[in-house]
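Summary of structural features
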Amino acid sequence: SYFDIALRIVKSIPQLNNVFYPPGYSIFLSILKPANNQNFFITTAILQSLFGVLSIYLLYQISLQVLKPKLSKLFLLILVFYYPFIDTTGYLLSENLAIFLIALLTWFSMKFNQTKSNNCLFLAGITVGLGSLVRANLLIIGFAILVWLIAILKLKTKPIAVFTTATLASLLIISVVYFKLGGQHRISSLNGGFVFMA
């Protein structure tokens, strides 16, 4: 399904089928031009491997903040040899990209907690919005981050405004992407209710 959608994106064929699933992964595939690239599958696997390596790095960095050093090293070892994580690299599935985006979002949030830099919150908000093109449940994680920010910052409105503005701005971009691919302005894929019921 992701591959078929990517082919339609390459050929600029808008239809509702393009947005039944979140189209972010198909957009990623379409950038690699599956219709014309002889090495498409090899290139995809290599890039997904890189996302996997970056995810392991980010998850390890996160673990250093919440675990003792020995446990962080054990966690790193588990991540490196976790077979499903390795196996999904070879499939046309959004798992590797989604895990990377979730790890990146968590890393930005933890960086903000350390540095109090609004830049981290701005990038976290952009990651929530654009990441929801790959997995719509990043919007739920974004809402959880907003609640967390309100709880820890109390009346400091600037960081909350930065995160909210970045998220909403990226959702406006997403609405345009959904319109271009499926002819509807929306911020989530059509299968949202189906996934919720399952």
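Anyway, here's the lowdown on the structure attached to this text. (Residues numbered from 1 in each chain as written. Predicted model: local features only at pLDDT ≥ 70, side-chain atom pairs only at ≥ 80, totals over all residues. Heavy atoms only, no water.)

**Thoughts on the overall build of the protein**
Selection rule: Numbering goes from the N terminus for both helices and strands, where a helix is a DSSP run of H or I of at least four residues and a strand is a run of E of at least two. Atoms counted for the radius of gyration: C-alpha only. Globule rule: 2.2 Å times residue count to the power 0.38. Only protein chains enter the accessibility calculation, which uses a 1.4 Å probe. A residue is then buried if its area is under 20% of the maximum for its type, exposed if over 50%, and partly exposed in between. The contact criterion used throughout is that any non-hydrogen atoms of two residues lie within 4.5 Å.
The number of helices and strands found in the protein is ten helices and zero strands. Taking 16 Å as the expected radius of gyration for a compact globule of 198 residues, we find that the protein reaches 18 Å, a close match to that expectation. C-alpha atoms of the protein, sized along the principal axes, occupy 45 × 40 × 30 Å. Per-residue burial for the protein yields a buried fraction of 39% across its 198 residues. Counting contacts in the protein only where the partners sit at least 6 residues apart, residues at least 24 apart contribute 61% of the total.

**A closer look at unusual backbone geometry**
A positive phi angle, near 55 degrees, is found at Ser12, a position not held by glycine. Relative to the helices and strands, Ser12 is located in the loop between helix H1 (2-10) and helix H2 (24-31). Positioned with a positive phi, Lys116 is a non-glycine residue whose angle comes to about 60 degrees. Residue position: Lys116 is located in the loop between helix H6 (95-115) and helix H7 (118-131). The class of Lys116 is partly exposed, set by a relative accessible area of 47%.

**Some thoughts on the packing of helix H3 (residues 40-66) against helix H4 (residues 69-81)**
To be explicit about the condition: Angles shown run from 0 to 180 degrees and are taken between the N-to-C directions of axes, each axis being a line fitted to C-alpha atoms and, for helices, limited to the stretch in contact. Angle categories are assigned with fixed cut-offs, so that under 35 degrees is roughly parallel, over 145 is roughly antiparallel, 65 to 115 is roughly perpendicular, and the rest are oblique. What makes a crossing left-handed is the near helix being turned counterclockwise from the far one by less than a right angle; a clockwise turn instead makes it right-handed. Each residue receives one of three labels: charged for Asp, Glu, Lys and Arg, nonpolar for Ala, Val, Leu, Ile, Met, Phe, Trp, Tyr, Cys and Pro, and polar for the others, Gly being one of them.
Running from N to C, H3 and H4 cross one another at 160 degrees; their axes reach a closest spacing of 9 Å. Relative to H4, the element H3 lies roughly antiparallel. For the element pair H3 and H4, the recorded crossing hand is right-handed. Residues Ile56, Leu59, Tyr60, Ser63 and Leu64 of H3 form the contact with H4, whose own contacting residues are Ser72, Lys73, Phe75, Leu76, Leu79 and Val80. Considered class by class, the residues forming the contact of H3 with H4 number eight nonpolar, two polar and one charged.

**Remarks on the pattern of salt bridges**
Note the threshold: Salt bridges are defined as contacts in which a side-chain nitrogen from Lys or Arg sits within 4 Å of a carboxyl oxygen from Asp or Glu.
What the rule picks out here adds up to one salt bridge. Linking Glu95 and Arg135 is a salt bridge whose minimum nitrogen-to-oxygen distance equals 3.1 Å. Placement of Glu95 in helix H6 and of Arg135 in the loop between H7 and helix H8 (138-153) is noted, with a sequence separation of 40 residues between them. Overall, Glu95 belongs to the partly exposed group, its relative accessible area being 28%.

**Let's talk about the side chain of Asn18**
Selection criterion: Residues adjacent in sequence count toward polar contacts only when both atoms are side-chain atoms; beyond that, a polar contact is any pair of N or O atoms within 3.5 Å, and within protein one must be able to donate a hydrogen and the other to accept it.
With respect to the element layout, Asn18 can be found in the loop between H1 and H2. Here Asn18 falls in the buried class, since its relative accessible area comes to 0%. At 2.6 Å, the side chain of Asn18 forms a polar contact with the side chain of Arg8. A polar side-chain atom of Asn18 sits 2.8 Å from the main-chain carbonyl oxygen of Ile13. Non-local contacts of Asn18, meaning those with residues more than four positions away in its chain, are made with Ile5, Arg8, Ile13, Pro23 and Leu181.

**Digging into the environment of Lys154**
Positionally, Lys154 belongs in the loop between H8 and helix H9 (157-182). Between the C-alpha atom of Lys154 and that of Lys73, which follows or precedes it by 81 residues, the distance is 35 Å.

**Concerning the nonpolar core**
What tends to happen in soluble globular proteins is that the nonpolar side chains get buried as a cluster. Definition in use: Remark: nonpolar core denotes a set of buried residues (Ala, Val, Leu, Ile, Met, Phe, Trp, Tyr, Cys) joined through side-chain atoms within 4.5 Å.
Membership of the largest hydrophobic core comes to 30 residues, with the highest contact counts inside it found for Phe28, Leu29, Leu97, Leu149 and Phe163. Every element with two or more residues in this core is listed here: H1, H2, H3, H6, H7, H8 and H9. By residue number, the principal contributor to this core is H6, which donates nine residues. Core analysis: the next-biggest nonpolar cluster, separate from the first, contains eight residues, Ile9, Val19, Leu171 and Ile174 among them.

Taken by themselves, the reported measurements are silent on function.
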